[in-house]
Amino acid sequence: MTVAEELPETPETAEEEPIKQRKNGLYPGVSDELAENMKSGWADTELRDLQPIAQVAETAARRSALSARFPGERLVIPAGNLKTRSNDTDYPFRASVEYAYLTGNQVEDGVLVLEPVTDGHEATIYLLPRSDRENGEFWLSGQGELWVGRRHSLTESEALYGIAAADVRELADKLREATGPVRVVRGYDAGIEAALTDKVTAERDEELRVVLSEARLVKDEFEIGELQKAVDSTVRGFEDVVKVLDKAEATSERYIEGTFFLRARVEGNDVGYGSICAAGPHACTLHWVRNDGPVRSGDLLLLDAGVETHTYYTADVTRTLPVNGRYSEIQKKIYDAVYEAQEAGIAAVKPGAKYRDFHDASQRVLAEKLVEWGLVEGPVERVLELGLQRRWTLHGTGHMLGMDVHDCAAARVESYVDGTLESGMVLTVEPGLYFQADDLTVPEEYRGIGVRIEDDILVTEDGHRNLSDGLPRRSEEVEAWMASLKAAAS
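First things first, this report covers the structure right here in the doc. (Residues numbered from 1 in each chain as written. Predicted model: local features only at pLDDT ≥ 70, side-chain atom pairs only at ≥ 80, totals over all residues. Heavy atoms only, no water.)

## Overview of the state of the cysteines
The condition is simple: Criterion for a disulfide: a pair of cysteine sulfur atoms within 2.5 Å. Accessible area is worked out with a 1.4 Å probe on protein chains only. A residue is then buried under 20% of its type maximum, exposed over 50%, and partly exposed in between.
A complete count under the given rule lists 0 disulfides for this structure. Not engaged in a disulfide, the cysteine Cys277 finds its nearest cysteine sulfur in Cys284; these two sulfurs lie 16 Å apart. The exposure class assigned to Cys277 is buried, which follows from its relative accessible area of 0%.

## Regarding the packing of helix H10 (residues 221–243) against helix H12 (residues 253–267)
Selection criterion: Orientation is described by lines fitted to C-alpha atoms, with helices fitted over the stretch in contact, and by angles between N-to-C directions that extend from 0 to 180 degrees. Numbering of helices and strands runs from the N terminus, with a helix taken as a DSSP run of H or I at least four residues long and a strand as a DSSP run of E at least two residues long. Crossings are classed by handedness, with left-handed meaning an anticlockwise turn of the near helix from the far one by less than a right angle and right-handed meaning a clockwise turn. Contacts are assigned to residue pairs that have any heavy atoms within 4.5 Å of one another.
Direction vectors running N to C along H10 and H12 enclose 145°, while the axes themselves pass 9 Å from each other. Crossing geometry of H10 relative to H12 is assigned as right-handed. Residues Ser233, Thr234, Arg236, Gly237, Phe238, Asp240 and Val241 of H10 touch H12, and the partners they reach there are Ile256, Thr259, Phe260, Arg263 and Glu267.

## Things to note about the sheet that holds strand E1 (residues 74–78)
To keep it simple, the criterion reads: A pair of strands is treated as paired once DSSP finds two or more bridges between them.
The sheet built from 5 strands is open, its strands ordered E6-E5-E4-E1-E7 with mixed pairing. Edge positions in the open sheet fall to strand E6 (164–167) and strand E7 (182–184), since each of these has one partner strand only. Within the sheet, the average angular offset between the axes of one strand and its neighbour, ignoring direction, is 25°. Looking at chain direction, E1 and strand E4 (residues 111–117) are connected through 4 bridges and run antiparallel. For Val76, the partnering residue across the bridge sits in E4 and is Val113. With respect to the sheet, helix H6 (residues 154–161) is in contact with strand E5 (120–127) and E6, its orientation differing from that of E6 by roughly 150°. Relative to the sheet, helix H9 (residues 202–215) contacts E1 and E7, its axis offset from that of E7 by approximately 60°.

## Considerations on the pairing of strand E17 (residues 463–466)
Pairing of strand E16 (residues 455–460) with E17 involves 4 bridges; the strand directions are antiparallel. Residue pairing in the sheet places Val459 in a bridge with His464 of E17. Counting the residues in the hairpin turn of E16 and E17 gives 2 residues.

The following block contains the structure:
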């Protein structure tokens, strides 16, 4: 990896300060002759036939709804800045969900500002313009276009996103001079927050964050389509994994992680979260993302993974697969119990139902199984009242899904977990049973077995639709599916 000749400047200082040389750069400086040479001889690359992004109508409708919610107030929604991974390398950038949801734009340092006017708000998207060829930024800056790639001009951005665009380097000063009520989404851009420090309150800003989170509870048609794309790619990723389980046995869980990641990067933006590739007793660790353990024939593989689309919508699917293609008797017993619990949970998903209903339905089945197996003393009502099943079920049975894997997390409790399901909501249903390897309260044959089955469920007008039904769930269907994939791969 080569290095740029200086450390990148911040958007606020790009015009005021000269470009700095890297301390240990191999070139001591730039001659006047080279600087002059680099200014000219470049073709006009302005893109003049751009079409708006696919969701431009939806993002406009979302901004309109937000405008109606906060009349007369200036609203500031930043994308966020690059974060340093180590020294002068950065983490891959992912724009804030709030910003991407309202604009469709995904570049660092962007800020959406809704300025109050008589009949609503005027939206402006503040972005870095094209790299400056006069001051050498385009080839000397670590974030210059010859180092990290061309960015859209402000005119191009206006065409793409249907929003007036302006230079973000001028925004901080504008915000410092602004008057009237202001709200900002916090936690993404320290420079923007500093410019507003005497104009905002934590309570008002939190209300803005909550409103934007609740706005995502019900998905529009574009979002549902993107979630289906994410799920379909995820199904193919699971198929990829099954075809190479022999190679994972020869290496480790990392082979599974890398195999699924390839599908996510080829068909989408990334994985929606760290893939859980948990073989053997690692399946009992709910968020096992180290993925450095062995994959052994006779063990189960709990694969919890999701592809994220280019528009940031993610799937979240789990299957628990027998590495050798066949469940043992005890594995099948536990797996089938979880399947039965998931069936009960999915059946409870419908418009008008309480959000908690699917969780309660799944937990009841699991509690019944635990009592039936003699692992906990009944009756079932007592087990549920005291939460005794949680020693082996551990987590809630699902969550909202969308641009975050745990979407809408800032929503009010009364709107989310204590709320009512509506058509257009998308949630996971994911019961599990986990018998830790060191749990002396269960027979030895149970220990080290973890099973979770998770699907992405759309609430429809007349019930629900399983977006991830492209993957089998019944134990016998899973075995047949694995056998067919392995045969096709041989």
